[in-house]
Amino acid sequence: MPIRYIEYQQIDKLKWDTCIDTAGNGLVYAYSFYLDTMAKHWDALILNDYEAVMPLTWNKKYGINYLYQPFFTAVLGVFGKNISESVVTDFLNSIPAKFKYWDIYLNNANRFKLPNYSLYERMNYILPLNDNYEKLYANFRNNIKRNIKKSINLNCIVKKNIDIADVIILAQEQSKNFSPVTSQDHDSFKKVYCYFHQQKKAITYGIYSIKGQLLASAAFLFSHGRAYYILVGNHPNSKNYGASHLLINAFIKDNAEQNLLLDLEGSDVPGVAFFYGSFGAIEEKYAGLKLNRLPLWMKWFQK
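Residues numbered from 1 in each chain as written. Predicted model: local features only at pLDDT ≥ 70, side-chain atom pairs only at ≥ 80, totals over all residues. Heavy atoms only, no water.

(A) Expanded view of the overall build of the protein chain. Scanning the protein chain from N- to C-terminus turns up 10 helices and 13 strands. Computed over C-alpha atoms, the radius of gyration of the protein chain comes to 20 Å, within 12% of the 19 Å expected from 2.2 N^0.38 for 303 residues, which places it in the range of a compact globule. Dimensions of the protein chain, computed from C-alpha atoms along their principal axes, come out at roughly 60 × 40 × 35 Å. Within the span of the protein chain, comprising 303 residues, buried residues form 52% of the whole. In the protein chain, the share of contacts with a sequence separation of at least 24, taken over all contacts with a separation of at least 6, comes to 76%. Charged side chains of the protein chain number 34 positive and 26 negative; the gap between the two group centres comes to 6 Å. (Helix = DSSP H or I, 4+ residues; strand = E, 2+ residues; numbered from the N terminus. Rg over C-alpha atoms; globule rule 2.2 N^0.38 Å. Buried < 20%, exposed > 50% of the residue type's maximum accessible area, 1.4 Å probe, protein only. Contact = heavy atoms within 4.5 Å. Lys, Arg positive; Asp, Glu negative; His and termini not counted. Charge placed at Lys NZ, Arg CZ, Asp CG, Glu CD.)

What follows is the structure in C-alpha cells.
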C-alpha cells in the first residue's frame, strides 16, 4: 500500500485531525495538539490522503534515533477505518530503518498476531456507563461499596473543576519516589488539560476532608465516546477515608446513562487491576512492541 513517511514539518494537521476524528479506533492521544505537547518529536506514516495514519514519537540518544511512548499517552499505533492485520503490518514495515530501537504501545484495534513482530499483551480496563447508576453500583465489589460508605460517613466532600495545578501537585508528591515523570512532563500535560477544558472536553474532580484537605484528585479528558482517567493524585491519608473510591463513584454517578466508556488506563499491576475491576470494569487488551536493531556493541543503549 502507498504508505508515506512524512517528517513533522510536512504534516497537514487539519487532515491529520480529521482522520483521528473519524477513525473507528480514534483516541485523544493521537490528536496533533496532544502529540505536539507531549512528544519530544513526532513524524508520521500516512496511507494515501490521510486514510489511515501512525504517529512516530521519537527521540535521539547518543546520535541514535528511537521510538518511545510519551508520558500520559497510553497507546498510539495505527488509526483509521477498517484497520486490519495487513494494514498494521504494512505500517510497521514502513517505519524507516533510521529508528534503531522501538519501545511503543499499539491501540486495541492493532492487536493482531503478526508473524514478523513480537507483540506482547498489556491490559487496560474500561467501564461502559450506559446503564443507570443503580445497576452500575450493583456491580461494584463489596470492598468498594464499604469504602464509599466510609467516605460519606466521614463527611468527605466531592468538588468538580478544581484547579488542575492542585491535581498535579498531589500527583507529583505521590509519585516522586518511583515515577520517572518530570515536572516538565506535568507542565506539558497541564497545557493539554487546559486546551481540552476550553472546549468543555475536560474536567477535574477532588475529594476533600471536612477540614478542607485535598485527599484524592483526578483529571478526565473526553474524546471518541471515552472519558480518560488520565492524571491521578492521592494524598497518603486518602486510604483512611476511601477517598479515591468516592471520586470514581462520583464520576460514574454523574455520567451514568450516557453512551460513554470510562477508560481507566490500565493496569498490568495486579493491585491496580483488582481495584479497577472492583468497579465492574472489564479488560481491554492492547499490544506492546519492542524491537532492537542496535549493533551488539550498543546493547547498553536501552538502559
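(B) Layout of the packing of aromatic side chains. Scanning the entire structure with this criterion turns up 23 aromatic pairs. Taken together, a centroid distance of 3.8 Å and an interplanar angle of 15 degrees make the contact between F33 and Y195 stacked. Of the two residues, F33 is situated in helix α2 (residues 32-38) and Y195 in helix α7 (residues 183-198); the sequence distance between them amounts to 162 residues. What makes F33 partly exposed here is its relative accessible area of 25%. Judged by centre distance (5.6 Å) and plane angle (65 degrees), the ring pair of Y205 and F251 falls under edge-to-face. Remark: F251 occurs in helix α9 (residues 243-255) and Y205 occurs in strand β9 (residues 202-208); sequence separation between them is 46 residues. Summarising the burial analysis for this pair, Y205 and F251 share the class buried. (Phe/Tyr/Trp six-rings, centres within 6.5 Å; stacked < 30°, edge-to-face > 60°.)

(C) Quick peek at α9. Over its 13 residues, α9 extends 19 Å from the first C-alpha to the last, a length consistent with the 18 Å expected when each residue adds 1.5 Å. With 11 of 13 residues buried, α9 lies mostly within the body of the structure. Restricting attention to buried positions, one finds in α9 the residues A243, S244, H245, L246, L247, I248, N249, A250, F251, I252 and N255. Residue E257 follows α9 closely and has a positive phi angle near 65 degrees. (Expected span 1.5 Å × (residues − 1).)

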